[in-house]
Amino acid sequence: DSGVTQTPKHLITATGQRVTLRCSPRSGDLSVYWYQQSLDQGLQFLIQYYNGEERAKGNILERFSAQQFPDLHSELNLSSLELGDSALYFCASSVEGTGAQAFFGQGTRLTVV
Amino acid sequence: GQQVMQIPQYQHVQEGEDFTTYCNSSTTLSNIQWYKQRPGGHPVFLIQLVKSGEVKKQKRLTFQFGEAKKNSSLHITATQTTDVGTYFCAGAYGNKLVFGAGTILRVKS
């Protein structure tokens, strides 16, 4: 158990809908990363937050947004969903935001139908 | 933007054979990390290399960081069926941790 909790584990929704994925980092970790992994593909970096502020942005679509709350949990919002958004979404946390070791959650499998 | 190229994409070996995956960055890295993802699982941290030319070993796994801190390799000696999975390198560029595409390792017994 990495100590990072992601909910829900599975999500099935229709095209055009909006969903929210939630991540609770390890106790004491200030940095949260979001990654997207499509079937048998690599990990695409979406966005990183550090202590409530956006720290770095990757290939995140405008339809996607995220935030980190004062209690350090983070949410990834995906809107106007398309079939191609179906993927495994991982959250990872680390103590710092400067390339420290990342601990991954179990992921949320999103299926858009 | 920053990108980490990883090769090969896929390797299928006979049990007992060696395996190597390589990562390359066009710009200097702060550090490089290696992760393993078992089928159906999530990436798990293996090791971090920070110094130029650094070499670290974990049992049958040998990790190297290039002198210019732009490339790295993971070598597994005498693969076992328990080694199956996807091996990712992750390059640290300041605040960002950028993952390579991963190498899928299959081991035939």
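Check the entry above for the structure.
Residues numbered from 1 in each chain as written. Chains lettered and ligands numbered in written order. Predicted model: local features only at pLDDT ≥ 70, side-chain atom pairs only at ≥ 80, totals over all residues. Heavy atoms only, no water.

Trainee: Whenever I open this one, the pattern of salt bridges confuses me. Can you help?
Mentor: Close approach of charged atoms allows side chains with opposite charge to pair. With the rule as written, the count across this model stands at six salt bridges over all chains. Measuring nitrogen to oxygen at the nearest pair gives 2.8 Å for the salt bridge that ties A:Asp85 to A:Arg63. Placement of A:Asp85 in the loop between strand S8 (74-78) and strand S9 (87-94) and of A:Arg63 in the loop between strand S6 (53-57) and strand S7 (64-68) is noted, with a sequence separation of 22 residues between them. Judged by relative accessible area, A:Asp85 falls into the buried class, the value being 3%. One salt bridge connects B:Lys56 with B:Glu54, and the closest N-O pair in it is separated by 3.7 Å. Residue classification places B:Lys56 among the partly exposed positions, given a relative accessible area of 30%. (Salt bridge = Lys/Arg side-chain N within 4 Å of Asp/Glu carboxyl O. Helix = DSSP H or I, 4+ residues; strand = E, 2+ residues; numbered from the N terminus. Buried < 20%, exposed > 50% of the residue type's maximum accessible area, 1.4 Å probe, protein only.)

Trainee: Would you mind going over the interface of chain B and chain A with me for this structure?
Mentor: Bring the parts together and some accessible area is lost; that lost area is often taken as the interface size. Between chain B and chain A, the residue contacts involve 18 residues of the former and 22 residues of the latter. Interface area for chain B against chain A, summed over the two sides, is near 1600 Å², with a carbon-plus-sulfur share of 55%. Per-residue buried area on chain B facing chain A is highest for B:His42, B:Asn95 and B:Leu97; these three make up 35% of the total on that side. At the boundary of chain B with chain A, the tally comes to zero salt bridges. At the surface where chain B touches chain A, the tally comes to five residue pairs in polar contact (both at pLDDT 80 or more). Secondary-structure elements contributing two or more residues to the side of chain B that touches chain A are strand S4 (31-37), strand S5 (44-49), strand S9 (85-93) and strand S10 (96-99) of chain B. (Contact = heavy atoms within 4.5 Å. Buried area = accessible area lost by both parts, 1.4 Å probe. Polar contact = N/O pair within 3.5 Å; in protein donor to acceptor, adjacent residues only side chain to side chain.)

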